[in-house]
Amino acid sequence: MGILERSHLTIIQEVAREGSLTAAGVRLNLTQPALSHAIRKIENQFGVEIWRREGRSLALTQAGEWLLSLANRLLPQFELAENRLEQFGNGERGTLRIGMECHPCYQWLLKVVSPYLEHWPKVDVDVRQKFQFGGIGALFSNEIDILVTPDPLYKPGLKFTPVFDYELVLVVGPQHPLRDAGFVLPEQLTGETLITYPVSSERLDIYTQFLQPAGIAPRQQKQIETTDIMLVMVTHGRGIAALPRWLVEEYASRFELYPLKLGRNGIAKQIFLGRRESDEEIQYLRGFIEFAASPQLNV
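Here we summarise the structure given alongside this text.

Conventions used here
Residues numbered from 1 in each chain as written. Predicted model: local features only at pLDDT ≥ 70, side-chain atom pairs only at ≥ 80, totals over all residues. Heavy atoms only, no water. Salt bridge = Lys/Arg side-chain N within 4 Å of Asp/Glu carboxyl O. Helix = DSSP H or I, 4+ residues; strand = E, 2+ residues; numbered from the N terminus. Buried < 20%, exposed > 50% of the residue type's maximum accessible area, 1.4 Å probe, protein only. Expected span 1.5 Å × (residues − 1). Lys, Arg positive; Asp, Glu negative; His and termini not counted. Contact = heavy atoms within 4.5 Å. Polar contact = N/O pair within 3.5 Å; in protein donor to acceptor, adjacent residues only side chain to side chain. Core = buried A, V, L, I, M, F, W, Y, C linked by side-chain atoms within 4.5 Å. Domains from an automatic or database assignment. Axes fitted to C-alpha atoms, helices over the stretch in contact; angles between N-to-C directions. Parallel < 35°, antiparallel > 145°, perpendicular 65-115°, else oblique. Left-handed = near helix turned anticlockwise from the far one by under 90°. Nonpolar A, V, L, I, M, F, W, Y, C, P; charged D, E, K, R; others polar.

This structure, assessed with the given rule, holds 16 salt bridges. Between R6 and E82 there is a salt bridge, with its nearest N and O atoms 2.2 Å apart. On the criterion of sequence distance, the pair formed by R6 in helix α1 (residues 6-18) and E82 in helix α4 (residues 62-90) is long-range, its members being 76 residues apart. The exposure class assigned to R6 is partly exposed, which follows from its relative accessible area of 31%. By relative accessible area, E82 is classed as partly exposed at 40%. The closest approach of N and O atoms between E18 and R27, which form a salt bridge, is 3.5 Å. Of the residues examined, E18 reaches a relative accessible area of 30% and is grouped as partly exposed. Each of the salt bridges in this network shares a partner with another, and the network as a whole consists of E14, R17, E18 and R27.

As structure tokens, then:
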């Protein structure tokens, strides 16, 4: 009977991730022949085909897909265990892994990280933005320690702490007829081009809290990845956008922007930090949340 080893899962994950033996070999510090031999050894040991060739590329079989799913679940756990053991041995707690589920929150996070690192000289910070669409799963699978999100999803085993209040506003350029309106109503946006981050409308507050309840949709939606380009487009009259007021104020010296309340009362939002309840006693993690909630940072 074959014995499944961690190295087998690592090989399967890297080949699937890189898409070729050559690239995977570089990542694993193995030559292509050595990696091919390792793959054949795994298949011979278990008597099952894990990959099949499709032209010049490798495709996972059904068994391979199952092993890849297993690798994606287990390898982060191995990494976490090794990191924690090493940190215990060194008398420190290593790296705080932060996942971002909010495009503009990255700007806010920069204000927190600098004083935090000064106060915790033995702790590193790793910011991962790939979790913009799956942060809750990343918390549960131990891929990250903290999730930065404006939309907490309360699940057993997780805890969310509000650390920063802000207002979501509509942003228009200097030539826009609404620039001096003060506030806007949903029906005033029916003829507009709404510029958003590349996120589904179900995850955009401008839709869920403003337009959809009124049964209104903009004339067109454009998706742009970066805040700078988004604001260049708004400034030059190519559309409007919904962003945190604090972010608009930070860009005020670079772009001529006019923030407007969404509705007469505006839309109030908060940035939350999510973490696992089982990590409640980790001092460096608690320390980060305290820094994030510090009044002098949130002005």
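Looking now at helix α5 (residues 105-119). Look at α5: 22 Å from first C-alpha to last across 15 residues, which is about the 21 Å you get at 1.5 Å a residue. Taken together, the buried positions of α5 are occupied by C105, W108, L109, V112, V113 and Y116.

Structural remark: α-helix, 3.6 residues per turn; residues separated by three or four positions point the same way. Between its first and last C-alpha, α1 extends 18 Å over 13 residues, near the 18 Å set by a 1.5 Å rise per residue. Of all the positions in α1, only H8, L9, I11, I12, Q13, E14 and V15 are classed as buried. Two residues or fewer past α1, G19 is found with a positive phi of approximately 85°.

To continue, consider the side chain of E192. The residue E192 is located in the loop between β7 (183-184) and β8 (193-196) in this model. The buried charged residue E192 lacks any salt bridge, with R219 as its nearest oppositely charged partner at 6.8 Å. Setting aside residues no more than four positions away along its own chain, E192 makes contact with H176, P218, R219, Q220 and I240.

Inspection of the secondary structure assignment puts E167 in strand β6 (residues 158-172). At a separation of 3.3 Å, a polar atom in the side chain of E167 contacts the side chain of K261. The residues touching E167, leaving out its near neighbours within four places in the chain, are L243, P244, R245, K261, G266 and I267.

On to the nonpolar core, then. Counting 61 residues, the largest nonpolar core has L96, W108, L170, I206, L273 and F288 as its most contacted members. The greatest single-element share of this core, amounting to eight residues, is contributed by β6. Both of domain 2 (91-163 + 270-297) and domain 3 (165-269) provide at least three residues apiece to this core. Among the nonpolar cores identified, the runner-up in size contains 18 residues, and L9, A24, L60 and L67 belong to it.

Turning next to the packing of α1 against helix α3 (residues 32-46). Contact geometry for α1 and α3: axes closest at 11 Å, N-to-C directions at 120°. With respect to each other, α1 and α3 are oriented oblique. Crossing angle aside, the handedness with which α1 passes α3 is left-handed. Here H8, I11 and V15 of α1 come into contact with α3, specifically with L35, A38, I39, I42, Q45 and F46. The class makeup of the residues in the contact of α1 with α3 is seven nonpolar, two polar and no charged.

So, about unusual backbone geometry. Positive phi, close to 60°, is recorded for N29, a residue that is not glycine. One can find N29 in the loop between α2 (21-28) and α3. Judged by its relative accessible area of 72%, N29 falls in the exposed class. Its identity as a non-glycine residue notwithstanding, N142 has a phi of 65°, on the positive side. Here N142 is to be found in the loop between α6 (135-140) and β5 (146-149).

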